[in-house]
Amino acid sequence: MWPWEHLAFAYVLYSLMRNVGFRASPSGRETIAVAIGSQLPDLVDKPLGWTFGFAETGYSIGHSMFVAPFVCLVAYVVAAREGARAIAGAFSLAYLSHPIGDMLSHLIRDGTVDSRIMLWPLASPPGTDHGGFLDHLLLYLVRYVYRLLAGGLTTEVIVQLLLGLAVVTLWLSDGAPPAADIWRFLRTRSRQ
């Protein structure tokens, strides 16, 4: 999945959980925690794999189900000290949604599920060396754009469009956090 897809997937999950379970929309701080949590596995694993050759596929420490409980525990401890347990929940849900989203993406695109994405250090998907970080990024971006332009209206494209529509709709119905908070702050500052 691409970064915006991970963010959209995590935000939809968190927003639905907050709205259905707690009858409240996500706050701006929770939305920022969702954004960070949804990106962290790739921010750790892609540079490690593509720059330092740690795991060429870019699936290792950050995606590991063996490491995730510790990351979520640290988030909880830090947030609890600040009296912001909801932020730890937002971060943790988004962080855990990341490898699940990767597996769902493979299922939609290829019809296969590769659980090795989450099994580092016991297993890791096989990789091919495409060069450094920018080489990998450009190769995957060109493939993605080609699939979108040449593939027509595939299941993957339909799911991406529906996810995009869902996330924009939820975000607006949630009050557009944290953009609305920033807008209110700027308006009050300009009146002073």
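Structure: above.
Okay, so let's go over this structure. (Residues numbered from 1 in each chain as written. Predicted model: local features only at pLDDT ≥ 70, side-chain atom pairs only at ≥ 80, totals over all residues. Heavy atoms only, no water.)

## Structural notes on the pattern of salt bridges
One pass over the structure, following the stated rule, counts 5 salt bridges. For R18, the salt bridge is made with E30, and the minimal N-O distance between the two is 3.4 Å. Placement of the pair is R18 in helix α1 (residues 3-21) and E30 in helix α2 (residues 28-50), with a sequence separation of 12 residues. Across the pair, E30 and R18 agree in class, each one buried. (Salt bridge = Lys/Arg side-chain N within 4 Å of Asp/Glu carboxyl O. Helix = DSSP H or I, 4+ residues; strand = E, 2+ residues; numbered from the N terminus. Buried < 20%, exposed > 50% of the residue type's maximum accessible area, 1.4 Å probe, protein only.)

## As for unusual backbone geometry
That bond from W120 to P121 is cis: its omega, 10°, falls within 30 degrees of zero. For P121, the location among the structural elements is in the loop between α4 (85-110) and α5 (133-150). Going from P177 to P178, the amide bond is cis rather than trans, its omega being -15°. Looking at the element boundaries, P178 is found in the loop between α6 (155-173) and α7 (179-191). Phi is positive for R23, close to 55°, though the residue is something other than glycine. Its location among the elements puts R23 in the loop between α1 and α2.

## Some remarks on a nonpolar patch on the surface
Together, I100, L104, L107, I108, V113 and V159 give the surface a local cluster of nonpolar side chains, amounting to about 440 Å² of exposed area. By the secondary structure assignment, L107 is in helix α4. (Patch = residues over 30% accessible without salt bridge, like charges linked within 9 Å, V, L, I, M, F, W, Y side chains within 5 Å. Areas by Shrake-Rupley, 256 points an atom, 1.4 Å probe, with all protein chains shown as cover.)

## Notes on the packing of α2 against α5
Where α2 contacts α5, the axes come no closer than 8 Å and their chain directions differ by 115°. Here α5 runs roughly perpendicular to α2, going by the angle between their axes. Taking contact as the criterion, the partners of K46, P47 and W50 in α2 are, on α5, F133, H136, L137 and Y140. Here the residues of the contact of α2 with α5 are counted per class, giving 5 nonpolar, 1 polar and 1 charged. (Axes fitted to C-alpha atoms, helices over the stretch in contact; angles between N-to-C directions. Parallel < 35°, antiparallel > 145°, perpendicular 65-115°, else oblique. Contact = heavy atoms within 4.5 Å. Nonpolar A, V, L, I, M, F, W, Y, C, P; charged D, E, K, R; others polar.)

## Quick notes on the packing of helix α3 (residues 68-81) against α4
At a minimum axis distance of 8 Å, the contact between α3 and α4 shows a crossing angle of 160°. What the angle tells us is that α3 and α4 run roughly antiparallel. Here α3 runs over α4; the crossing is right-handed. Listed contacts from α4 to A68, V71, C72, A75, Y76, A79 and A80 of α3 are R85, A88, F91, S92, Y95 and L96. Of the residues in the contact of α3 with α4, the class split is 11 nonpolar, 1 polar and 1 charged. (Left-handed = near helix turned anticlockwise from the far one by under 90°.)

## Section: α1
If you check α1, its first and last C-alpha atoms are 26 Å apart, about what 19 residues at 1.5 Å a residue would give, namely 27 Å. On its buried face, α1 sits against α2, α4, α5 and α6. (Expected span 1.5 Å × (residues − 1).)

Everything listed here is a matter of geometry and, on its own, says nothing about what the molecule does.
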